[in-house]
Amino acid sequence: QVQLVESGGGSVQAGASLRLSCVASGISLSSYVMGWFRQAPGKEREFVGSMNWSGSRSYYGDFAEGRFTISRDNAKNTAWLQMDSVRSEDTAVYYCAAVASLRTNIVDWDKYDYWGQGTQVTVSS
């Protein structure tokens with residue numbers, strides 16, 4: 001059974017940093033693109049960023065570029081989303097997702113095969 005489990009969410013002040021983790025079991029992430037998405041109340045799921053299978057390339061949504069960084073360690077079957085200089089508009093549930101692909105920039109949520117349960121990030125101004 002494949003599972004992706006996120007952790008690291010919480011409540012922080014604007015300008016702070018957070019590091020979200022995504023640990024996989026049941027699959028080897030070394031064959032998968034890792035994506036991060038978020039969904040705020042009343043809004044559609046939004047692409048945050050994605051990283052190719054080896055970790056050599058990443059791609060970010062406009063709002064994430066320069067503030068958020070994806071990393072991964074395939075030996076640990078884990079990916080991370082480092083969030084710096086967070087803003088109130090970053091408040092959302094954050095999800096990690098995985099899809100077997102050689103690409104990097106997979107922005108459509110319905111292309112991903114596996115999803116975590118989500119972790120809440122709340123930013124107060």
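Our structure's up above, just so we're on the same page.
Source: prediction; values computed, not measured. (Residues numbered from 1 in each chain as written. Predicted model: local features only at pLDDT ≥ 70, side-chain atom pairs only at ≥ 80, totals over all residues. Heavy atoms only, no water.)

### What about the sheet that holds strand β3 (residues 18-25)?
Basically, it comes down to this: Strand pairing requires that DSSP identify at least two bridges connecting the strands. Under the scheme used here, helices are H or I runs from DSSP no shorter than 4 residues and strands are E runs no shorter than 2 residues, and both carry numbers assigned from the N terminus. Only the contacting stretch of a helix is used when fitting its axis, a line to C-alpha atoms as for every element, and angles between N-to-C directions run 0 to 180 degrees.
Taken together, the four strands give an open sheet; going across it, the order is β1-β3-β8-β7, and neighbouring strands pair in antiparallel fashion. Single-partner strands in this sheet number two, and they are β1 (3-7) and β7 (68-73). Within the sheet, the average angular offset between the axes of one strand and its neighbour, ignoring direction, is 15 degrees. As paired elements, β1 and β3 share five bridges and run antiparallel to each other.

### Description of the packing of aromatic side chains
Basically, it comes down to this: Only Phe, Tyr and Trp rings take part, Trp by its six-membered ring, and two of them pair if their centres are within 6.5 Å. Stacked means planes under 30 degrees apart, edge-to-face means over 60, and tilted covers everything else. Burial here depends on accessible area, computed with a 1.4 Å probe over protein chains only, as a share of the maximum for the residue type. Under 20% is buried, over 50% is exposed, and the range in between is partly exposed. A positively charged side chain is recorded as over a ring if its NZ (Lys) or CZ (Arg) lies within 6 Å of the ring centre. The angle to the ring normal must also be within 35 degrees.
Following the criterion strictly, the structure yields eight aromatic pairs and no others. Their ring planes at 85 degrees and their centres at 6.1 Å tell us that Phe63 and Phe68 sit as a pair that is edge-to-face. Using a relative accessible area of 2% as the deciding quantity, one classes Phe68 as buried. Note that Arg45 overlies the ring of Trp109, its terminal NZ or CZ placed 4.9 Å from the centroid. In this structure, Arg45 is placed above the aromatic ring of Trp115, and the distance from its NZ or CZ to the ring centre is 4.6 Å.

### Quick notes on the environment of Leu18
In plain terms, the rule: The criterion used for residue contact is that any of the two residues' heavy atoms lie within 4.5 Å.
Residue placement: Leu18 occurs in strand β3. Its relative accessible area of 10% is what places Leu18 among the buried residues. Through-space distance from the C-alpha of Leu18 to that of Asp84 is 6.6 Å; in sequence the pair is 66 residues apart. The contacts of Leu18, once residues within four sequence positions are left out, are Gly8, Gly10, Val12, Leu81, Gln82, Met83 and Val121.

### Concerning the pattern of salt bridges
Just so we agree on the cut-off: By definition here, a salt bridge exists when the distance from a side-chain nitrogen of Lys or Arg to a carboxyl oxygen of Asp or Glu is within 4 Å.
Counting across every chain of the model gives five salt bridges. Close ionic contact of Asp108 with Lys111 constitutes a salt bridge, the shortest N to O distance being 3.7 Å. Residue Asp108 is classed as partly exposed on the basis of its relative accessible area, which comes to 39%. One salt bridge in this structure joins Lys111 and Asp110, with 3.8 Å as the shortest N-O distance.

### Comments concerning the environment of Lys76
Relative to the helices and strands, Lys76 is located in the loop between β7 and β8 (78-83). By relative accessible area, which is 56% here, Lys76 ends up exposed. Along the chain, Lys76 and Ser30 lie 46 residues apart, while their C-alpha atoms are 9.9 Å from each other.

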